[in-house]
Protein chains: 2
Amino acid sequence: MTQLTPWERLQSEPLISNPYLTLRRDTCRLPDGQIIDDYYVLVERDVACVVALTPARELLLVEQYKHGLGRICLEIPGGVFASDAADPLAEARREFNEETGYDAPTFFHVGTLPVSPARTTIRMHLYAALDAVPCGTQQLDSTEKIIVHRLPVDTVLDLIRSGAIDVSTTVSGIFLGLDYLRRAGLLS
Amino acid sequence: MTQLTPWERLQSEPLISNPYLTLRRDTCRLPDGQIIDDYYVLVERDVACVVALTPARELLLVEQYKHGLGRICLEIPGGVFASDAADPLAEARREFNEETGYDAPTFFHVGTLPVSPARTTIRMHLYAALDAVPCGTQQLDSTEKIIVHRLPVDTVLDLIRSGAIDVSTTVSGIFLGLDYLRRAGLLS
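**Considerations on the sheet that holds strand β1 (residues 8–17) of chain B**
All names here are of chain B. Read across the open sheet, the three strands follow the order β1-β2-β3; overall the sheet is antiparallel. At either end of the open sheet lies a strand with only one pairing partner, and these are β1 and β3 (35–43). Recorded for the sheet is a direction-independent mean angle of 25° between the axes of neighbouring strands. Summarising the sheet, β1 and strand β2 (residues 22–29) pair through eight bridges and their orientation is antiparallel. Bridging across to β2, Glu13 finds its partner in Arg25.

This is the structure we're talking about:
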């Protein structure tokens, strides 16, 4: 479908580098020969997220303060990979277990979605699960405080339409996850 | 719905600050008194995006190299606000006109979606439009090269399901934009 050519990265300078992120300043050559010497790229580990339904077909959501935005958000459970080489499925299940205290028999891979491709490397590895049931208690980091919500699918869609659920990764995740389960014949 | 308390930002140090972005290092006090002294936040201007259909009910998409991800992406048209105080509707229309060479009689505000709230301030201001028609030629920056595609809605949904259209903001934008138009009785 494409007649476009990627840019060539001539040089890369890490301006900030710590366990959480790297901010790179790239010098690039464009296909027409132009040089851009100050393109900033934020490198972070990928995230894994789960659209999970209980046997009563309620969707599991987590409510949590997000400091980038500076606000409390209602989102699908998920989080950052524990290491660069982590297995996406294992990360999805681990994050889901830890944040919600629920587990599910199967996690279906729905898609891998770049989050903000102009500026970052981050992708969301999206999974869907049915028959999620409590498996214990939340296992949170000391800086995390998360409230788990179980809401009927129609209520969740109304909350998306009203803007009460608004984070783009959660909106894409819910629509795509439900579409996946319906097309697989797993959800009516 | 919430019993959660936002973090208190005690101090903010701009590590990188240029016309494109600011990277802040925040010192925060958590509700339990814990101090985090190295929370990094990427501050960028918001973006405006448009889910637009032609009179033949084809969806307008743009294909473009994205250097954060390092890959060519197929996305809904849109872009970064020209200034911090810009009017979202005017930005949506301007970006749409410039990237596609199309215009539409009305741009409906569908929602405002945070893109990556743990780390960034950026929100996508999402608009939907019908009856988009050519209004001239693309007006691109010297570093931009964009191919415009017009595809039937069903084809676009198949491309999302196959992963050929994968960017989270585009996936959430298309599902939410089509849902908005259908519920408003503007699309069957």
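**Focus on the interface of chain A and chain B**
Many descriptions give the size of an interface as the accessible area lost when the pieces come together. Each partner contributes residues to the interface: chain A has 57 residues there, and chain B has 57 residues. Secondary-structure elements contributing two or more residues to the side of chain A that touches chain B are β1 (8–17), β2 (22–29), β3 (35–43), β5 (58–66), β6 (71–75), β9 (108–114) and α3 (168–183) of chain A. With six residues, the single largest contributor to the side of chain A that touches chain B is α3 of chain A. Taken together, the residues that form the side of chain A that touches chain B break down as 33 nonpolar, 17 polar and seven charged.

**Structural notes on the relation of the copies chain A and chain B**
Placing chain A over chain B gives an RMSD of 0.0 Å and needs a rotation angle of 180°, together with 0.0 Å of translation along the axis. Expressed as an axis order, the relation between the two copies is that of a two-fold axis. By C-alpha distance to the rotation axis, the residue of chain A lying nearest is Ser172 of chain A, at 2.0 Å. Most of the interface of chain A is mirrored in chain B, where 100% of its interface residues again form contacts.

**Re the domain arrangement of chain A**
Assigned domains within chain A: domain 1 (8–43) and domain 2 (47–183). Taken over C-alpha atoms, the centre of domain 1 of chain A sits 31 Å from the centre of domain 2 of chain A.

**Overview of the pairing of strand β6 (residues 71–75) of chain B**
Residue and element names in this part refer to chain B. As paired elements, strand β5 (residues 58–66) and β6 share five bridges and run antiparallel to each other. Residue Val62 lies in a different strand from β6, and its bridge partner there is Glu75. The antiparallel pairing of β5 with β6 creates a hairpin that spans four residues between the two strands, and Gly70 there sits at a positive phi of about 75°.

**Quick notes on the nonpolar core**
As a rule of thumb, soluble globular proteins bury nonpolar side chains together. In this structure, Val50, Ala52 and Tyr127 of chain A together with Val50, Ala52 and Tyr127 of chain B are the most contacted members of the largest nonpolar core, which totals 84 residues. In this view, Ala52 of chain A contacts Leu60, Phe96, Tyr102, Ala104, Ala129 and Ala132 of chain A; residues no more than four positions away in its chain are not counted. Counting residues in hydrophobic clusters, the runner-up holds six residues, among them Val41 of chain A together with Leu23, Val41 and Leu42 of chain B.

**Focus: the sheet that holds strand β9 (residues 108–114) of chain B**
Residues and elements named next belong to chain B. One open sheet holds the four strands; their spatial order is β7-β4-β10-β9, and the pairing between them is mixed. Whereas interior strands pair on both sides, the edge strands pair on one side only; in this sheet they are β7 (78–80) and β9. This sheet shows a mean twist of 15° between the axes of neighbouring strands, independent of strand direction. Strand direction decides the pairing type here: β9 and strand β10 (residues 123–129), joined by six bridges, are antiparallel. Bridge pairing in β10 links His109 to Tyr127. Relative to the sheet, helix α3 (residues 168–183) contacts β4 (47–52), β9 and β10, its axis offset from that of β10 by approximately 40°.

So, how was this worked out
- Residues numbered from 1 in each chain as written.
- Chains lettered and ligands numbered in written order.
- Predicted model: local features only at pLDDT ≥ 70, side-chain atom pairs only at ≥ 80, totals over all residues.
- Pairing = 2+ DSSP bridges.
- Helix = DSSP H or I, 4+ residues; strand = E, 2+ residues; numbered from the N terminus.
- Axes fitted to C-alpha atoms, helices over the stretch in contact; angles between N-to-C directions.
- Contact = placed C-beta atoms within 7 Å.
- Nonpolar A, V, L, I, M, F, W, Y, C, P; charged D, E, K, R; others polar.
- Least-squares fit on C-alpha atoms with pLDDT ≥ 70 in both.
- Domains from an automatic or database assignment.
- Core = buried A, V, L, I, M, F, W, Y, C linked by C-beta atoms within 7 Å.
- Buried ≥ 20, exposed ≤ 12 C-beta atoms within 10 Å, placed from the backbone.

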